[in-house]
Structures are given as structure tokens and as C-alpha cells.
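Inside the fold
Here is how the chains run, residue by residue.
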Amino acid sequence: YAITFVDGTLSITPAVLTYNATAATSVYGSTPSVNAGTVTGWKNGENAGTATTGTLLFSTTATATSNVGSYGITGSGLTANNGNYTFEQAAGNTTALTVNKATLTVTADDKTRVYGDSNPTLTYVIAGYVNSQDATSAGITGTPTISTTATAASNVNDYTITSAANDLAAANYQFS
């Protein structure tokens, strides 16, 4: 037999660097702040300063008007100096931002009456709307419970008018 040597090829492909967004929360009506995270997957003791150019950035498509829920945070901004790396998003980045409900405050209006008379109609105000909303555009359902322990027979004094938001609901708001 005659032995023949045939050279083979060793192909080196780029390593994968992963953008890992830091989980963040925001409140409906506020602009989310999401510029935090890390990059993992470096090889041979390299890091962003030695193997890439650019500025590490994290961003979201969520805005102050984004509804309550989960949103993605995307890493970007780096380029491999020598082609040894490609970039991908961590799986958790797709739901890394949580937009929570804003708080609306239900306040009972102050009232006065004369001793021996019936209580006046108890009323309330809801405050704290964001994004130029009101009760209708915020989709509020239900009615708060407004009550007092004072009766027509109650002595002259100040009595608390309580407000309870027990049956109020809205997609982007909680009640206090």
C-alpha cells in the first residue's frame, strides 16, 4: 500500500455573546428606565474592552403609555473587533420589563349638615390619572363605597367619611 496524506480543514466559528438585560419595573404613565445589563460568553479572558467596539445599550419599545404587562428589553451597541463573536438576546430579555399599575386615590368629599337633618349625599373624587385620562378613558368599572357612622341622631361633632374602592377596577390602575 502507498500511504497518501490528505490535509483536513479545521473551521473555527464565532463564539456567541449573550446580551442579558437586568429585569426592570415601571409604573403605567412613567417612562421605563431599562439601560442595564451584562454580556456573557467571553472566551480567552477577553471582555468588552478588549474584543469589541461600541457602547453597550439596553432599550425597550415600552413607553409611558404602554399598558400594564411584560415587555422586552433588547441589548445592542457592541461590534466584535475581529469577527470572533456574534450576538444574541438572552431568552429572559423578552419579558424583562414589567409595567405595573398606577395608583388612583379615592377621596371622600367633606360635607356638613345641621344636627337632626339627614346626611347629605356622600360624594368622592378620584385623582391620580396619567396620560391625560379620566374615568371613562381609563376604563374604570364599579363604584366606590362612601359611608359614615353619623346618623340624623348623631351629636354635634366631626365624623369620618370613609371611602372604599372594593369594587373598582381598571386595567392600568389600582386604587387607594
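Definitions and limits used
Residues numbered from 1 in each chain as written. Predicted model: local features only at pLDDT ≥ 70, side-chain atom pairs only at ≥ 80, totals over all residues. Heavy atoms only, no water. Helix = DSSP H or I, 4+ residues; strand = E, 2+ residues; numbered from the N terminus. Rg over C-alpha atoms; globule rule 2.2 N^0.38 Å. Buried < 20%, exposed > 50% of the residue type's maximum accessible area, 1.4 Å probe, protein only. Contact = heavy atoms within 4.5 Å. Areas by Shrake-Rupley, 256 points an atom, 1.4 Å probe, with all protein chains shown as cover. Lys, Arg positive; Asp, Glu negative; His and termini not counted. Charge placed at Lys NZ, Arg CZ, Asp CG, Glu CD. Pairing = 2+ DSSP bridges.

Moving on, we come to the overall build of the protein chain. Counting secondary structure elements, the protein chain contains 1 helix and 13 strands. Over its C-alpha trace the protein chain gives a radius of gyration of 30 Å, far above what one expects of a compact globule, namely 16 Å for 176 residues. The principal-axis extents of the C-alpha atoms in the protein chain amount to approximately 120 × 35 × 25 Å. In the protein chain, which comprises 176 residues, the proportion classed as buried is 26%. Within the protein chain, residue pairs in contact and separated by at least 24 positions form 64% of the contacts whose partners lie at least 6 positions apart. Carbon and sulfur atoms form 51% of the exposed surface of the protein chain, whose accessible area is close to 11,000 Å². Within the protein chain, the 9 negative side-chain charges are centred at a point lying 7 Å from the centre of the 4 positive side-chain charges.

Turning next to the pairing of strand β2 (residues 24-27). Here β2 shows a buried face lined by A24 and S26 and an unburied face lined by T25 and V27. Relative to strand β8 (residues 97-100), β2 is paired through 4 bridges, and the arrangement is parallel. Paired with A24 across the strands is L97, a residue of β8.

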